[in-house]
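# Descriptive analysis of the structure
These are the residues of each chain, in order.
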Amino acid sequence: MTAPLRPQLGNVPGFRDLLPHEAEVLRDAQESLLAEMRRWGYRHVITPLVETMDVLDLGLGVEQRRRLFKFTDARGDVLALVGERTVPVARLVAGKLRTAPLPLRLCYAGPVLSTDESRFQHRRETYQVGAELVGASGPVADAEVIALAARCLEATGIRRYQIDVGHAEFFHGIMDAVSLPEETKAAVRVALAARDFVGLEALLEDTPLKSAEHELLLKFPALRGGPEILDAAGGLVRNRRSEAALAELAKVRELLLVHGIGDVVNLDLGAIRDFEYYTGVIFEGYGPDFGRPVAQGGRYDGLLARFGRPAPATGFMVQLDLVSEMLTRMVPPRLDAAIAWTGSGLSHALRLAATLRLFGMRAVVDTEARSVDAAKDWWDAVAASNLLYCRDAGPVTWNAKGKRARSLPAEQVAARLAGGDA
Amino acid sequence: MTVSIAIPTGALHSGALDLLARSGLARLTAEDLGRRLLAESNDLRVILVRPADVPAYVDHGAADLGIVGKDILWETPGAHYELVDLRFGGCRLVLAVPDASRLDGPETWPPLMRVATKYPHTAGAWFESRGQAVEVVRLHGSVELAPQVGLVDGIIDLTATGRTLRENQLRIAAVLGSSTARLIANQASLKTRTAPVQAVVARLREAAGDAG
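Residues numbered from 1 in each chain as written. Chains lettered and ligands numbered in written order. Predicted model: local features only at pLDDT ≥ 70, side-chain atom pairs only at ≥ 80, totals over all residues.

## Brief notes about the interface of chain B and chain A
Rules: Here the contact rule is simple: place C-beta atoms from the backbone, and any two residues whose C-beta atoms are within 7 Å are in contact. Segments assigned H or I by DSSP are reported as helices when at least four residues long, segments assigned E as strands when at least two residues long, and all are numbered from the N terminus. Residue type decides the class: Asp, Glu, Lys and Arg count as charged, Ala, Val, Leu, Ile, Met, Phe, Trp, Tyr, Cys and Pro as nonpolar, and the leftover types, Gly among them, as polar.
Of the residues lining the interface, 20 residues belong to chain B; the matching set on chain A comes to 16 residues. Listed by contribution, the elements that provide at least two residues to the side of chain B that touches chain A are strand S5 (81-85), helix H8 (187-192) and helix H9 (194-211) of chain B. Among the residues forming the side of chain B that touches chain A, the class breakdown is 6 nonpolar, 9 polar and 5 charged.

Here you go:
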């Protein structure tokens, strides 16, 4: 039995330590994501963890502001720990980068904080990696960030992911077209945001005028599929805004086929997102076995203007902790070689380790001389794939899990291990 | 492709089994399911869980769909889709006070109202939206007892027929809301396994409509 943890050695609720394997997987995934973004010409920026409330007030909704950790500094300014990182990037683009020509492609990675524990894992600190394309409007830019998001998920090693693409204007057009009093429309928005279709149906039932848009609203969770869904919806909507949105989606979809990600893209006209914020094409990425999106993004043409540099913009963020949680279960921890020694075998051991590391392998050398049996216990404790045992002189004894021990000269062991021959 | 549905024990249990049978999706007896907690029928996997746990199973994706009382959803809002009013298990969430109490409408409420309930979140929000200060005592059972022993001024509890309230010399002072069984769906299941999940939703919707 393990003794209970002394309370002062634990974490603040909602915050957690990432243990070696988790931390390594998370950092590797972050590097894979940023590397993919850089391959697409997105430049890495690092914005601070702390922003003034004046800046965040400009960019965030009421609910998001409520969830910020706030404090005052010695000068009396109200500051907050960032709850997302698009607003700081917008501040940067309108501020220090105001003379940089648009379009600008930027990417970032870092923790975000919330006073509320998240619904799922009760976390208040999570990690996001994101990319923003500022200063470009239209389907080519929209398709670029969607394709980038797909390639990013792929780069982390996630298999079986899919991207659902929708359009905020499709929804806005429907809301324009339905004949409802303003207060009912407000209630409709609230019900939709809560994904409460029973409540929505009750609201719409009481209205005398039933349009095709009424029916579309009620069918929101099912407006999903391939290109045929555009035709189906096109036959139903009777308003310019929604029609324009469908036409734009068709173009984006064509471009995504050219980007080579047609097989992971679905169209979802009933995607429910923050419609106050998003102004155009929106999308969500789903991985396997997770009840919620791992990536989300879309067009937000209104944000930059609030910082005094009006510009169209689109982008996305990947929920890094979700991705790495998925990968932690898929990817085993990796330590390639545990190198034990006895007597003057230490110098062989140190040289062998240096050679293996030169080939990018992970090798740990024991800090004390051990007998062969003790070395095997140590090998188990450090959980390496191979045990290499170095004696005074002569060949190295090589143990690999599930294989008979072999005796080989040190350079042959190094060559075989580096060559992938375990 | 198998679709999973979480159904609750308790008051909605027989209604849920009945609905599954009427829809032709699965014929299960309460005894059978109660013993195994998990049953598969055709391409439907039925999971038996406590009523308050249904949203957790659905939100985390352990079940694609769930049958749950609206009262539970008031108390634990989640990230799921609420798709269909299944029209059974009707009941009301009420403020009940002792027969002898002088409390009735809001004008008679004391400056600080004390209520006992199994629904602290819903109760707190309801009083707050009416500008009434409230002290909510969270109880796990036998809520009816609390006002009789002077713990609180009244209770917020579910009632279908009002019998339990009458038996405990309580009367309804206000109705907070009406609840029925609802069909909820995991957001990712609707996106990643649309066709099979929607097929089950359609059959349950149809069966629920037939009854109403």
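Additional details are given in the paragraphs that follow.
## Re the sheet that holds strand S2 (residues 50-52) of chain A
Residues and elements named next belong to chain A. Put simply, the rule reads: In this description, strands pair whenever DSSP reports at least two bridges between them. A fitted line through C-alpha atoms serves as each axis, taken over the contacting stretch for helices, and the angle formed by two N-to-C directions is quoted from 0 to 180°.
Pairing is antiparallel across the open sheet formed by 3 strands, whose spatial order is S2-S4-S3. Strand pairing shows two members of the sheet lacking a second neighbour, S2 and strand S3 (69-72), which therefore form its edges. Strand-to-strand twist of the sheet, defined as the mean angle between neighbouring strand axes without regard to direction, takes the value 35°. Where S3 meets strand S4 (residues 78-81), 4 bridges bridge the pair, whose relative direction is antiparallel. Each residue of the ladder has a partner; that of Phe71, found in S4, is Leu79.

## Side note on the environment of Ala311 of chain A
Residue and element names in this part refer to chain A. Worth spelling out the cut-off: Counting other C-beta atoms within 10 Å of a residue's C-beta gives its exposure: the residue is buried at 20 or more, exposed at 12 or fewer, and partly exposed in between, where C-beta atoms are placed from the backbone.
You can see Ala311 is positioned in the loop between helix H12 (303-306) and strand S12 (313-319). According to the C-beta neighbour criterion, Ala311 is partly exposed, with 19 such atoms within 10 Å. Those residues within four positions of Ala311 in sequence are excluded, and the remaining contacts are Leu102, Val134, Gly135 and Leu304.

## Description of the domain arrangement of chain A
For clarity, the cut-off: In this entry, domain limits derive from an automatic or database-based domain assignment.
By domain assignment, chain A separates into domain 1 (8-330) and domain 2 (337-418). Between domain 1 of chain A and domain 2 of chain A, the C-alpha centre-to-centre distance is 49 Å.

## A look at the sheet that holds strand S16 (residues 396-400) of chain A
By way of backbone hydrogen bonds, the strands of a sheet pair with one another, either parallel or antiparallel. All names here are of chain A. Taken in spatial order, the 5 strands make up an open sheet running S14-S13-S15-S16-S17, and their pairing is mixed. Where the open sheet ends on each side, the last strands, each with one partner, are strand S14 (363-365) and strand S17 (406-408). Strand after strand, the sheet turns through a mean of 25° between neighbouring axes, direction not considered. Each of strand S13 (337-341), strand S15 (386-390), S16 and S17 touches helix H16 (residues 410-418); the most contacted strand, S16, lies at about 30° to it.

## Focus: the confidence of the model for chain A
To keep things clear, this is the line we draw: Per-residue confidence from the predictor is given as pLDDT, running between 0 and 100.
Per-residue confidence for chain A gives a mean pLDDT of 91; residues scoring 70 or more make up 98%. Predicted confidence in chain A is weakest over helix H9 (residues 212-218) of chain A, with a mean pLDDT of 81, and strongest over strand S1 (residues 43-44) of chain A, with 98.

## Notes on the pairing of strand S4 (residues 65-69) of chain B
Residue and element names in this part refer to chain B. For S4, a buried count of 5 out of 5 residues is recorded, marking the element as mostly surrounded by other parts of the structure. Neither face of S4 is left uncovered, since the one carrying Leu65, Ile67 and Gly69 and the one carrying Gly66 and Val68 both have all their residues buried. In the sheet, strand S1 (residues 3-8) pairs with S4 via 2 bridges, with the strands oriented parallel. Among the inter-strand pairings, Ala6 is bridged to a residue of S4, identified as Gly66.

## Some points on the packing of helix H6 (residues 168-177) of chain A against helix H11 (residues 240-258) of chain A
Residue and element names in this part refer to chain A. What counts is decided by this rule: Any angle that is under 35 degrees is reported as roughly parallel, and any over 145 degrees as roughly antiparallel; angles of 65 to 115 degrees are reported as roughly perpendicular and all others as oblique. Throughout, a crossing is termed right-handed when the near helix is turned clockwise from the far one, and left-handed when it is turned anticlockwise from it by less than a right angle.
Interaxial distance between H6 and H11 falls to 7 Å at its minimum, and their mutual angle equals 160°. The angle between H6 and H11 places the two elements in the roughly antiparallel class. As for the relative orientation of H6 and H11, their crossing is left-handed in sense. Mapping the contact onto sequence places Glu169, Phe170, His172, Gly173, Ile174 and Asp176 in H6 and Arg241, Ser242, Ala244, Ala245 and Leu246 in H11. Tallied by class, residues from the contact of H6 with H11 come to 5 nonpolar, 3 polar and 3 charged.

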